[in-house]
Amino acid sequence: MLFRSRSEVMVEYFGLHPEKVFPGMRVWQIFTYAFLHDSSGGFPTHIIFNLLVFYFFAPAVENLWGPRRFVRFLIIAILVPGIVSMFFYYQQHTAVIGASGVVFAVLTANAFIWPRKTILLFFIIPMPAFAFILMILAIEVYYTLSGIALGSTGIANIAHLAGAGVGWYAVRRQVSFSWLKNPFAGWFKERQQKRDISDEERADTIFRKIAHQGIGSLTSEEKRFLDDYSRRKRGY
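A. Representation of the environment of F57. Relative to the elements of secondary structure, F57 occurs in helix α3 (residues 45–65). Here F57 falls in the buried class, since its relative accessible area comes to 14%. Between the alpha carbons of F57 and T108 there is a distance of 9.5 Å; along the sequence they are 51 residues apart. Those residues in contact with F57, other than ones at most four positions away along the chain, are V106, L107, N110, K117 and I119.

B. The confidence of the model for the protein, seen in detail. On average, residues of the protein carry a pLDDT of 78, and 78% of them reach 70 or more. For the protein, per-element mean pLDDT is lowest for strand β1 (residues 2–3), which scores 50, and highest for helix α5 (residues 100–113), which scores 91. Throughout residues 3–7 the model reports pLDDT below 50, and contacts reaching past four residues in sequence, or to other chains, amount to 16 contacts.

C. View of the packing of helix α6 (residues 129–146) against helix α7 (residues 157–172). Two elements in contact, α6 and α7, have axes whose closest approach is 9 Å; the angle formed by their N-to-C orientations is 140°. With respect to each other, α6 and α7 are oriented oblique. Here α6 runs over α7; the crossing is left-handed. For the pair formed by α6 and α7, the contact residues are L137, E140, V141, Y143 and T144 on the first element and N157, I158, H160, L161 and A164 on the second. Taken together, the residues that form the contact of α6 with α7 break down as six nonpolar, three polar and one charged.

D. Structural detail: the packing of helix α4 (residues 67–88) against α7. Taken N-terminus to C-terminus, the directions of α4 and α7 make an angle of 145°; their axes are 8 Å apart at the nearest point. Seen along the crossing, α4 lies across α7 with a hand that is right-handed. Contact residues: R69, F73, I76, A77, V80, P81, V84, S85 and F88 in α4; I158, A159, A162, G163, V166, G167 and A170 in α7. Considering only residue class, the contact of α4 with α7 consists of twelve nonpolar, three polar and one charged.

E. Layout of a nonpolar patch on the surface. Together, I47, I48, L51, L52, Y55, F56, F122, F123, I124 and I125 line one region of the surface with nonpolar side chains, adding up to about 1100 Å² of accessible area. Following the sequence through the fold, I124 ends up in the loop between β3 (118–121) and β4 (125–128). Under the relative-accessibility criterion, I124 is labelled exposed at 66%.

F. Up close: the pattern of salt bridges. Counted according to the given criterion, the structure contains two salt bridges. With a closest N to O distance of 2.4 Å, E221 and R202 form a salt bridge. Taken together, the residues span a long stretch of sequence, with E221 in helix α9 (residues 220–234) and R202 in helix α8 (residues 185–213) at a distance of 19 residues. As a salt-bridge pair, E222 and K209 come within 3.1 Å of each other at their nearest N and O atoms. A residue pair is termed long-range when its members are at least 10 positions apart, and E222 in helix α9 and K209 in helix α8 qualify at 13 residues. K209 sits in the partly exposed class, given a relative accessible area of 22%.

Quick notes on the rules
- Chains are numbered independently. Their residues run from 1 in the order of the written sequence.
- In keeping with the model being predicted, local features are shown solely for residues with a pLDDT of at least 70 and side-chain atom pairs are shown and tallied solely at 80 or more, while totals for entire chains, interfaces and linings include all residues.
- Each side-chain value is worked out from all heavy atoms of the structure, with water and hydrogens disregarded.
- Runs of E in the DSSP output that reach at least two residues are strands. Runs of H or I that reach at least four are helices, and both are numbered from the N terminus.
- When a residue's accessible area, from a 1.4 Å probe over protein chains only, is under 20% of the maximum for its type it is buried; when over 50% it is exposed; and in between it is partly exposed.
- Any two residues having at least one pair of non-hydrogen atoms within 4.5 Å are treated as being in contact.
- pLDDT runs from 0 to 100 and stands for how confident the predictor is about each residue.
- To get an axis, a line is fitted to the C-alpha atoms, and for a helix only the part in contact is used. The angle between two axes follows their N-to-C directions and goes from 0 to 180 degrees.
- The scheme is simple: roughly parallel for angles under 35 degrees, roughly antiparallel for over 145, roughly perpendicular for 65 to 115, oblique for anything else.
- With the far helix as reference, a near helix turned anticlockwise by less than a right angle produces a left-handed crossing, and one turned clockwise produces a right-handed crossing.
- Side-chain classes are defined by residue name, with Ala, Val, Leu, Ile, Met, Phe, Trp, Tyr, Cys and Pro counting as nonpolar, Asp, Glu, Lys and Arg as charged, and the others, Gly among them, as polar.
- Only residues whose relative accessible area exceeds 30% and that form no salt bridge enter a patch; like-charged residues are grouped when within 9 Å of one another, and nonpolar side chains (Val, Leu, Ile, Met, Phe, Trp, Tyr) when within 5 Å.
- Using the Shrake-Rupley algorithm and a 1.4 Å probe, accessible areas are obtained, with residue cover drawn only from the displayed protein chains.
- Take a side-chain nitrogen of Lys or Arg and a carboxyl oxygen of Asp or Glu: if they are within 4 Å of each other, that pair is a salt bridge.

Set out below in structure tokens:
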């Protein structure tokens, strides 16, 4: 949803303002925008619709993938539409808010996992999930290309398409986004390895000192190091 008012503090600081993310160092906005929804009409239609779609389509995907993989999927489904919107709407001087990109990611993933599942359009018309998602995406592409999204509707359709892309990619490529478990794991592992090597060298030096001068020659700091070193070696 494109929200044009700048008067509300929450939208100003936590909605996605594409022109302020990097020049203004508000990088958090590419994530926090998804937790704000438009209620300017006096009724929270935006968030209610998103929650309903999430309620009907998300549990099946979560049960299939497991909660951890599903949460990682949701994080990517927030970040990717946010980043795409940041570039697409950079010159618009408006705010992008809402989790519709996430909803489209879940909806698309569900449709590609179970393409023949029957969905009731408007709770009346039965149609296969695959046909339903293609119809929805065709509408989104039309609005995006025609420019209506920025003119009369005020809807960030490009965020919807980006979310759908995440859903498609996660299913087609069987991506689990496992690198999100700890994006700094490699860095910490490297530091730990360097520390282990350094500790081994220091321990060897202290052992040589004991062999030549006796244990009484150790300083209190060297004794503490050996105690800590031996505990880590034993796994305590």
